[in-house]
Amino acid sequence: MEILKLILTSLFSASALFVLAKLMGHKQMSQLDFFDYITGITIGSIAAELATELEEPWKPLTAMTVYGLLAFSLSIATNKFPKSRKYINGTPTVIMNNGKIYRDNMKKAKLDLSEFLVMCREKGFFNLGDIQTAVFEYNGKLTILPTSAKRPLTPADMNLSPGAEHICTEVIMDGRILEGNLKSLGLDQKWLQKQLEFQGYHSAKEIALGICSEKSDLMLFEKA
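Residues numbered from 1 in each chain as written. Predicted model: local features only at pLDDT ≥ 70, side-chain atom pairs only at ≥ 80, totals over all residues. Heavy atoms only, no water.

A. Representation of the sheet that holds strand 2 (residues 100–101) within the structure. On the basis of which strands lie adjacent, the open sheet formed by four strands has the order 2-1-3-4 and antiparallel pairing. The open sheet has two edge strands with one neighbour each: strand 2 and strand 4 (142–146). Pairing geometry for strand 3 (residues 131–136) and strand 4, over five bridges, is antiparallel. Bridge pairing in strand 4 links T133 to L145. In this fold helix 6 (residues 113–122) packs onto strand 1 (93–97), strand 2, strand 3 and strand 4, with an angle of close to 65° to the strand it touches most, strand 4. (Pairing = 2+ DSSP bridges. Helix = DSSP H or I, 4+ residues; strand = E, 2+ residues; numbered from the N terminus. Contact = heavy atoms within 4.5 Å. Axes fitted to C-alpha atoms, helices over the stretch in contact; angles between N-to-C directions.)

Here's what the structure looks like:
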């Protein structure tokens, strides 16, 4: 009976936190969905209580288990039923579009004009005239679509088709040669030494970081 009461209390507190998080708005969460936010702060608090509870540690442990299972169940539900995501996580909100700022949407998102301007500047937009559309996402972040005149130039704009780029591999780190990474690129220490000398270095010990592409282009960053 006591365990059932504890489970019901945990579920009630989760529901209360969910409602409070909704009322506070998405900006409180910072890249977390609602139940990640709720379970994160609550399980952390319960874990601290568990560490100091010596007489009946099973109580906070049961509460932590309930929260964990609840988060896991909701994760499965949102994957199987995509329509439920808008009720649990919320939906993106258009804050600005085509030169118009939607104040009603800002109120729904619990976002004021000053905060919106700060978020725009953080994205590198100091002039609102450079913004075509601004969307406040459910994870508390602002997504911006620049106007066509302010979008970065791409190879497609110039009718160019550059080859695919690949991730570079570290071959030297803190003056130490990473032989395994060299072998994965089909290279050896003799090749590396020649490249070092070609770029004016005597040994790998002078290098803080050395990275190499799949085309065997070596870039070296010397120690300060």
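Still to come is the rest of the account.
B. Molecular detail of the sheet that holds strand 6 (residues 176–177). Spatially, four strands are ordered 6-5-7-8 in an open sheet, and the strand pairing comes out antiparallel. Strand pairing shows two members of the sheet lacking a second neighbour, strand 6 and strand 8 (218–222), which therefore form its edges. Pairing between strand 7 (residues 207–212) and strand 8: five bridges, direction antiparallel. Looking at strand 8, one finds that I207 is bridged to E222.

C. Expanded view of helix 6. Taken residue by residue, helix 6 has F116, M119 and C120 as its buried positions. An end-on view of helix 6 places all buried positions within 105° of arc, on one side of the element. Residues of helix 6 that are exposed and angled more than 90 degrees away from the buried face: S114 and E122. Lining the buried residues of helix 6 we find strand 1, strand 2, helix 5 (103–108), strand 3 and strand 4. Of the residues that open helix 6, the one with a side-chain oxygen 3.2 Å from the backbone nitrogen of S114 is D112. (Buried < 20%, exposed > 50% of the residue type's maximum accessible area, 1.4 Å probe, protein only. Arc of directions from axis to C-beta. Polar contact = N/O pair within 3.5 Å; in protein donor to acceptor, adjacent residues only side chain to side chain.)

D. Main features of a nonpolar patch on the surface. A contiguous nonpolar surface patch, about 340 Å² in accessible area, is contributed by L153, M158 and L160. Along the chain, L160 falls in the loop between strand 4 and strand 5 (169–173). (Patch = residues over 30% accessible without salt bridge, like charges linked within 9 Å, V, L, I, M, F, W, Y side chains within 5 Å. Areas by Shrake-Rupley, 256 points an atom, 1.4 Å probe, with all protein chains shown as cover. Salt bridge = Lys/Arg side-chain N within 4 Å of Asp/Glu carboxyl O.)

E. Main features of unusual backbone geometry. Positive phi values are uncommon outside glycine, yet N98 reaches one of about 55°. Here N98 lies in the loop between strand 1 and strand 2.

F. Fine view of the pairing of strand 3. In terms of burial, strand 3 is a largely internal element, five of the six residues being buried. Across four bridges, strand 1 lies against strand 3 in antiparallel orientation. Directly across from V94, in strand 3, lies its bridge partner V135. The turn linking strand 3 back onto strand 4 is made up of five residues, and G140 within it adopts a positive phi angle of 85°.

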